[in-house]
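Descriptive structure summary
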Amino acid sequence: MLGQNDRRVAEIILGNCIQLTVIIGLLYAGVFAVFMDPILRMFGASENSLPYAREFMLWVLPGSVLMNMTFSYNNVMRASGYPGKAMLTNMIGAILNCILAPLFLFVFEWGIRGAAIATDISMFVTAVWVMSHFFNRKNTLHFTRGTYRFNWPIIRSVLYIGMAPFLINICGSAINAIVKAENLEASDEDVEAEYAKMASQYNMDVENVKKYMDDAVVREQVVRTKAIDLAVASAVAVKPEDVKTEEPKAEEPAAEEPKPEKPKRTRKKKAEPKPEEA
């Protein structure tokens, strides 16, 4: 909208997106809080590391809404003509976290909780930095009154635009979960086969391909390909038409117990009269 010089519509989009960002952030934070242990196990947490991961996430989850807001509006800041300021956002958060995390871990001895609190503080500072930019009326795009009421056509357009990267992130997370759950690794033979495949695709020698490609990147690509193949194989392993439901068998009538036979009565033969002797 800024390219069309329609600043009013751009401000309405900005006001609607802040509510949408907070709602979506609260939703996935709530889902993660409810299914925390299964999700952590799915991403590779063992029985030994699960308590530490759970403690870290319990402290980090409240700040995830701030993180969502920071990343979302940092992109808006970059698109509205302030790429240098957007770059500073990432630098502020990273540097602050690097300073606070060792302080809370080793000086205050807060353990894993200290690392999570350091992350929360860093996200809070970066969120304040980003949002202060849009409350400044001197900037090209800023918050104004009357732009916070939900405009459903605009929200639908925003969701349509964001659905593709959202699904890409979901698929990437699912692939990482499969890699961790199945302990997938790339052997040297797999890597060499991938190099040969790329050489045939680009019509190059294998040695030239190795010069331009990083071995770690190729290994990661092989592992991800294995995870995708495993997911596809699991999805098509059982076809609906192959599943035969057994019809319930009709109950056979219980066999009648044989009735005891009555003993037959035998008639005694009458004795024949003997002939008289002459």
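Residues numbered from 1 in each chain as written. Predicted model: local features only at pLDDT ≥ 70, side-chain atom pairs only at ≥ 80, totals over all residues. Heavy atoms only, no water.

A word on the overall build of the protein. When helices and strands are tallied, the protein shows 9 helices and 0 strands. The N-to-C order of helical and strand elements in the protein reads α-α-α-α-α-α-α-α-α. Put simply, the protein has 278 residues, and 27% of those count as buried. Here the contacts in the protein between residues at least 6 apart in sequence split such that 70% fall between residues at least 24 apart. (Helix = DSSP H or I, 4+ residues; strand = E, 2+ residues; numbered from the N terminus. Buried < 20%, exposed > 50% of the residue type's maximum accessible area, 1.4 Å probe, protein only. Contact = heavy atoms within 4.5 Å.)

Before going further, it helps to spend a moment on unusual backbone geometry. Positive phi values are uncommon outside glycine, yet E109 reaches one of about 55 degrees. Tracing the sequence through the fold places E109 in the loop between α4 (83-107) and α5 (112-135). Here N183, not a glycine, exhibits a phi torsion of approximately 55 degrees, which is positive. Mapped onto the elements, N183 comes out in the loop between α6 (152-182) and α7 (188-202).

Turning next to the pattern of salt bridges. In the structure shown here, the tally under the stated rule is 7 salt bridges. Between D188 and R219 there is a salt bridge, with its nearest N and O atoms 2.6 Å apart. With D188 in helix α7 and R219 in helix α9 (residues 215-236), this pair connects stretches of sequence that are 31 residues apart. Two residues, E220 and R224, come together in a salt bridge whose shortest N-O distance is 3.4 Å. (Salt bridge = Lys/Arg side-chain N within 4 Å of Asp/Glu carboxyl O.)

This part is about the packing of aromatic side chains. In the structure shown here, the tally under the stated rule is 8 aromatic pairs. Joined through ring pairs, the aromatic side chains of Y73, F134, F135 and F143 make up one cluster. Over the ring of W129 we find K85, and its NZ or CZ is 5.6 Å from the ring centre. (Phe/Tyr/Trp six-rings, centres within 6.5 Å; stacked < 30°, edge-to-face > 60°. Lys NZ or Arg CZ within 6 Å of the ring centre and 35° of its normal.)

Before going further, it helps to examine the side chain of N16. Position of N16 relative to the elements: it lies in helix α1 (residues 7-34). By relative accessible area, N16 is classed as buried at 1%. A polar atom in the side chain of N16 sits 3.2 Å from the backbone oxygen of R149. In contact with N16, other than residues within four places in its own chain, are T147, R149, F150, N151 and I155. (Polar contact = N/O pair within 3.5 Å; in protein donor to acceptor, adjacent residues only side chain to side chain.)

Take the nonpolar core next. If you look at soluble globular proteins, the nonpolar side chains tend to sit buried side by side. Among the nonpolar cores identified, the biggest contains 13 residues, and L14, Y73, V130, M131, F134 and F143 are the most heavily contacted of them. For this core, the secondary-structure elements that each account for two or more residues are α1, α3 (50-79) and α5. Element by element, the count of residues in this core is highest for α1, at 4 residues. If near-sequence neighbours (up to four positions away) are discounted, M131 is found in contact with I18, M69, Y73 and F143. Y195, A199, V218 and V223 belong to the second-largest nonpolar core, a separate cluster that totals 12 residues. (Core = buried A, V, L, I, M, F, W, Y, C linked by side-chain atoms within 4.5 Å.)

Our focus in this paragraph is the confidence of the model for the protein. Note: predicted coordinates in regions of low pLDDT should not be interpreted at a detailed level. Mean pLDDT over the protein works out to 81, with 83% of the residues at or above the 70 mark. Predicted confidence for residues 243-248 stays below pLDDT 50, and this span has 1 contact to residues more than four positions away or in other chains. (pLDDT = per-residue confidence, 0-100.)

It is worth spelling out a nonpolar patch on the surface at this point. Taken together, the side chains of I24, Y28, M67, F71 and L159 define a hydrophobic patch exposed on the protein surface, amounting to about 430 Å² of accessible area. Looking at the nonpolar patch, the elements that each hand over two or more residues are α1 and α3. Looking at where M67 falls in the secondary structure, it is placed in helix α3. The partly exposed category is assigned to M67, whose relative accessible area is 31%. (Patch = residues over 30% accessible without salt bridge, like charges linked within 9 Å, V, L, I, M, F, W, Y side chains within 5 Å. Areas by Shrake-Rupley, 256 points an atom, 1.4 Å probe, with all protein chains shown as cover.)

On to the packing of α7 against α9, then. Where α7 contacts α9, the two axes come as close as 10 Å, and the packing angle between them is 100 degrees. In terms of their interaxial angle, α7 and α9 are classed as roughly perpendicular. Across the interface between the two elements, D188, D190, V191, E194 and Y195 from α7 touch D215, V218, R219, Q221, V222 and K226 from α9. When its residues are assigned to classes, the contact of α7 with α9 shows 4 nonpolar, 1 polar and 6 charged. (Axes fitted to C-alpha atoms, helices over the stretch in contact; angles between N-to-C directions. Parallel < 35°, antiparallel > 145°, perpendicular 65-115°, else oblique. Nonpolar A, V, L, I, M, F, W, Y, C, P; charged D, E, K, R; others polar.)

Helix length check: α7 (15 residues) gives 21 Å between terminal C-alpha atoms against 21 Å at 1.5 Å per residue, within 8%. Residues V191, E194, Y195, M198 and A199 constitute the buried set of α7. Summarising the axial view, the buried residues of α7 lie within an arc of 140 degrees, below the 170-degree limit, and thus occupy one face. Of the exposed residues in α7, the ones pointing more than 90 degrees away from its buried face are E189 and S200. Buried-residue contacts for α7 involve α8 (206-212) and α9. At the C-terminal side of α7, N203 shows a positive phi close to 55 degrees. (Expected span 1.5 Å × (residues − 1). Arc of directions from axis to C-beta.)

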